[in-house]
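Summary of structural features
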Amino acid sequence: MSESGHNENEKIIELPVTITVREFARIINSSPIEVIKNLMSNGVIANINQQIDFDTAAIVAAEMGYEAVLEKQETDIEGELGEIPLWRRLISDEPPDLLENRPPVVTILGHVDHGKTTLLDAIRKTNVAGGEAGGITQHIAAYQIEHNNNVITFLDTPGHAAFTAMRARGAQGADIVVLVVAADDGVMPQTREAAAHAVAARAPIVVALNKIDKSNAEPDRVKQQLAEINLVPDEWDGDTIVVPISAKLETGLDDLLEAILLVAENMEIQANPKGSIFGTVIDAKRDRAKGVMTTLLVQNGSLEVGEIVIAGEAFGRIKAMFDHHSRRINKAVPSQPVSVMGINKVPVAGDLFQTIENERKARSLVVERREEKKLIAKASASTLSLEQLFDRFQAGEVRELRLIIKADVQGSLEPIISSLNDMSEGDLNVKILHAETGSISESDVMLATASKAIVIGFNVEADEAARRMAETEKVSIRSYDIIYRLTEDIEKALKGLLEPEEIEVVIGKAEVRAVFRISRVGNIAGCRVIEGEIRRNSNVRVIRDNKIIHEGPLLSLKRHSEDVHEVRAGYECGIGIKDFNEIEEGDILEGYIIEIAEPAEL
């Protein structure tokens, strides 16, 4: 069997009990969009990160020319558990005689509130959980501990359902996965998902059976649930070590660390400290005082201050390096997490980083990667705009208008769906593929790309990632705040009477730093432009706590008491908003203009 997971001659693929759309697409050498299309034709609506079961995947695989068989659920790192992460393949290219043992890298996964951060809190004797919003971990942390003269590196990844991608990246960087399962709650959806991430990352699993001190703990029931997802406890003659612990009472922790080291002993966890320097971006953020701070996990070679690193489209010379205690250091060795200064932009967590000879070559590589992304974007299928729909219908190319509906509240969603379902015109039908509350996300745009659908938003906005993807994939997003205008536009589209679409283009954002009261004028917002530019002839929406509280034209735009036509990012200005005086410090002002959309190329 090849590394991609199938035999090229027999076209047989091994699939786990559940698998993400992204991973399934990789195994069958297809694009996620093609897989999503095929799933839709079989009545399954799924986004790129969603899990599908084996039976569903097998049907799609058969239609795409493959025979699927259920893979053996092993926890041996050498088993056919999924694609070998790139960093592991690179280590395998190092000269065998130069490889040395390195500390195991362990990631903690599991369902929200099952005690992952409390466990790590107990292990490293610091109060991490107390500093997190709502007690839920928001960012990946990386640090090292020492147990019986053995070093272990820990990655702490979020457990909430909203952080699927971050959790997957955490698993990809690990040698061993500790799956935390609460003895009183059992196996939950994110437990299954986390186990799937571990399998995909080819990492063996140690189960930490937490909260055994609780009166309603049912360890035997949980072990049965674990066995049902192919994590059979070793005491039941399985391959999965299950360690009962209480993170709260700090019991069973030594047993857990011993289990981790035992599993590590049976693996070849090695690297070449004198070899090529590379590793994984664990986390990154922009600090106002220090600039871009990037957490890197060194996985081969020895990273030193002064090295030039590149990760995706970000690069830079390392100006300073800090260990997990925030102590300044000059060198990091394999399995060591470090925070570095000097990278020019925030890289994507999960990206591979490598050192590069000089900045000229780094810039050249970044240009190549950008061009590659553009080519991929051009090659992707474009969707229909409402304006093009009727022409395509008359030409016999389409028979239905596919819509994805997002609304602010359920009370808005239901009448919209009811109205649209009654609106089919002749042979041209309205088909609502997906409808729910919430802002327009990247997943919505991905679904629209795969299905040639149009995204309709009612009293909601598209987030920044969704806007960028929509622009790249030429997905039509239309926003409304009055239901009859929404239904009127759809009706006109079905009849071929729709006027050219007016679209709004966000041109900049400003943060309100202070509010000044000026007699006979009203409140003026003292602002700093943080993105793009603010123009005097633009409209502006006031955003407070991620909610739009006002939209309208600008009344005035001043800089140093002088009227100006525009103010760009990084500069301060005074903004007056027509018919709105309730501006507050901390509000975000989003400037936008209205343009007539050009028809998308097909």
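Residues numbered from 1 in each chain as written. Predicted model: local features only at pLDDT ≥ 70, side-chain atom pairs only at ≥ 80, totals over all residues. Heavy atoms only, no water.

1. With respect to the overall build of the protein chain
For clarity, the cut-off: A run of H or I in DSSP becomes a helix once it reaches four residues, and a run of E becomes a strand once it reaches two; helices and strands are each numbered from the N terminus. Using a 1.4 Å probe on the protein chains alone, a residue whose accessible area is under 20% of its type maximum counts as buried, one over 50% counts as exposed, and one in between counts as partly exposed. Whether two residues are in contact is decided by their heavy atoms, any of which lying within 4.5 Å being enough.
Looking only at helices and strands, the protein chain has 15 helices and 34 strands in total. Burial analysis of the protein chain (602 residues in total) assigns 49% to the buried set. Expressed as a percentage of contacts within the protein chain between residues at least 6 apart in sequence, the contacts between residues at least 24 apart total 70%.

2. Overview of the environment of N101
Its location among the elements puts N101 in strand β5 (residues 100–101). For the pair formed by N101 and P334, sequence separation is 233 residues and the distance between their alpha carbons is 9.3 Å. Those residues in contact with N101, other than ones at most four positions away along the chain, are I269 and Q270.

3. Section: helix α13 (residues 442–451)
One full turn of an α-helix is made of 3.6 residues, so residues set three or four places apart face in the same direction. Within α13, eight of the ten residues are buried, which leaves it mostly tucked inside the rest of the structure. All of the buried residues along α13 are D444, V445, M446, L447, A448, T449, A450 and S451. Buried residues along α13 sit against α2 (32–41), β23 (400–407), β24 (429–437), β25 (454–458), α14 (464–473) and β26 (477–480). Looking at the residues trailing α13, positive phi occurs at K452, about 55°.

4. Quick look at the pattern of salt bridges
We apply this condition: Counted as salt bridges are all cases of a side-chain nitrogen of Lys or Arg within 4 Å of a carboxyl oxygen of Asp or Glu.
Per the stated rule, a full pass over the model turns up 28 salt bridges. Here D489 ties to R478 by a salt bridge, and the two come within 3.1 Å at their closest N and O atoms. Of the two residues, D489 sits in helix α15 (residues 483–495) while R478 sits in strand β26, which places them eleven residues apart along the sequence. Residue classification places D489 among the buried residues on the basis of a relative accessible area of 14%. A salt bridge links D563 to K558; the nearest nitrogen and oxygen atoms lie 2.9 Å apart. Judged by its relative accessible area of 45%, D563 is partly exposed. A relative accessible area of 33% places K558 in the partly exposed class. What emerges from the salt-bridge pattern is a single network uniting E461, E464, R467, K509, R541, E551 and E590.

5. Some words on the packing of α13 against α14
For the record, the criterion: Only the stretch in contact is used when fitting a helix axis, every axis being a line fitted to C-alpha atoms; angles between N-to-C directions are given from 0 to 180 degrees. In these notes the angle categories are as follows: under 35 degrees is roughly parallel, over 145 is roughly antiparallel, 65 to 115 is roughly perpendicular, and the rest is oblique. For a crossing to be left-handed, the near helix must be turned anticlockwise from the far one by less than a right angle; the clockwise case is right-handed.
The geometry of α13 relative to α14 is characterised by a closest axis approach of 8 Å and an angle of 20° between their N-to-C directions. What the angle tells us is that α13 and α14 run roughly parallel. The two elements α13 and α14 meet at a crossing, and its hand is right-handed. Residues E442, V445, M446 and T449 of α13 form the contact with α14, whose participating residues are A465, A466, M469, A470 and E473.

6. Here's the deal with the packing of aromatic side chains
Basically, it comes down to this: Here a Phe, Tyr or Trp ring, Trp counted by its six-membered ring, pairs with any other such ring whose centre lies within 6.5 Å, and the pair is stacked when the planes are under 30 degrees apart, edge-to-face when over 60, and tilted otherwise. Here, over-ring charges are defined by two tests on the NZ atom of lysine or the CZ atom of arginine: distance to the ring centre within 6 Å, and angle to the ring normal within 35 degrees.
Per the stated rule, a full pass over the model turns up one aromatic pair. Directly above the ring of F322 sits K290, whose terminal nitrogen or CZ lies 5.4 Å from the centroid. Its end group placed over the ring of Y592, R541 keeps NZ or CZ at 4.3 Å from the ring centre.

7. Some remarks on the sheet that holds β25
How we decide: Pairing between strands is defined by DSSP: at least two bridges between them are needed.
Taken together, four strands build an open sheet; the order of strands is β24-β23-β25-β26 and the sheet is parallel. Of all strands in the sheet, those bounded by a partner on one side alone are β24 and β26. Averaged over all pairs of adjacent strands, the angle between their axes in this sheet comes to 25°, without regard to strand direction. Contacts from α13 reach β23, β24, β25 and β26, with the element oriented near 180° to β23.

8. A word on the pairing of strand β28 (residues 522–535)
Here β28 runs beside strand β33 (residues 572–577); their pairing, made up of four bridges, is antiparallel. Paired with G526 across the strands is G574, a residue of β33.

9. Describing unusual backbone geometry
Notably, S326 is not glycine yet its phi reads approximately 65°, a positive angle. Classification of S326 as exposed rests on a relative accessible area of 59%. Phi at H560 is positive, roughly 55°, even though this residue is not glycine. In this fold, H560 is placed in the loop between β30 (547–559) and β31 (562–563).

10. Observations concerning the sheet that holds strand β14 (residues 291–300)
Reading across the sheet, the eight strands line up as β17-β16-β22-β13-β14-β21-β18-β19 and stay open at both edges, with antiparallel pairing between neighbours. Both outer strands of the open sheet, β17 (314–317) and β19 (328–329), are each paired with one neighbouring strand and no more. Pairing of strand β18 (residues 320–322) with strand β21 (residues 337–341) involves three bridges; the strand directions are antiparallel. Pairing of M321 across the sheet is with V340, part of β21.

11. Here's the deal with the environment of R559
Examined against the element boundaries, R559 turns out to sit in strand β30. For the pair R559 and C573, spaced 14 residues apart in the sequence, the C-alpha separation amounts to 4.8 Å. When near neighbours in sequence (up to four residues on either side) are disregarded, R559 contacts V564, Y571 and E572.

12. A few points about α14
Our working rule: In this description, one arc is meant: the one made by directions from the helix axis to the C-beta atoms.
For α14, every residue scored as buried is listed here: A466, M469, A470 and E473. One side of α14 carries all its buried residues, which in axial view fall inside an arc of 105°. Contact partners of the buried residues in α14: α13 and β26. The first or second residue beyond α14 is K474, which carries a positive phi of 60°.

13. Focus: a nonpolar patch on the surface
What counts here: Any residue with relative accessible area above 30% and no salt bridge may belong to a patch, with like charges joined within 9 Å and the nonpolar Val, Leu, Ile, Met, Phe, Trp and Tyr side chains within 5 Å. Accessible surface is estimated by sampling points in the Shrake-Rupley manner with a 1.4 Å probe; for residues, cover comes only from the protein chains shown.
Among the surface-exposed residues, F516, I518, V521 and L555 lie close enough to one another that they form a single nonpolar patch of about 360 Å² accessible area. Summarising the element assignment, F516 is placed in strand β27 (residues 502–518).

14. Brief notes about the nonpolar core
Definition in use: Take the buried residues of types Ala, Val, Leu, Ile, Met, Phe, Trp, Tyr and Cys, join any two whose side-chain atoms come within 4.5 Å, and each joined set is a nonpolar core.
Of all hydrophobic cores here, the largest spans 39 residues; its most connected members are I13, L15, F24 and I52. When residues of this core are traced back to their parent elements, those giving at least two are β1 (12–15), α1 (21–27), α2, α3 (54–63), α13 and α14. Within the second largest apolar cluster, 29 residues are counted, among which are A122, I176, V178 and L261.

15. Looking at the confidence of the model for the protein chain
Here is the rule: A residue's pLDDT is the predictor's confidence in that residue, given on a scale from 0 to 100.
Model confidence for the protein chain is summarised by a mean pLDDT of 79, while 82% of its residues fall at 70 or above. Under a pLDDT of 50 for its full length, residues 377–383 has, in the predicted model, 21 contacts with residues more than four places off or in other chains.

16. Things to note about the side chain of H550
Within the secondary structure, H550 sits in strand β30. Each residue touching H550, except ones within four places of it in the same chain, is listed here: V540, R541, V542, I577, K578, D579 and F580.

17. Brief notes about the pairing of strand β6 (residues 105–110)
Successive side chains on a regular strand alternate, one facing one side of the sheet and the next facing the other. Extensive coverage of β6 is indicated by the burial of six of its six residues. Burial along β6 is two-sided: the face carrying V105, T107 and L109 and the face carrying V106, I108 and G110 are both buried. The pairing of β6 with strand β9 (residues 176–182) spans five bridges and is parallel. Bridging from a neighbouring strand, T107 pairs with V177 of β9.

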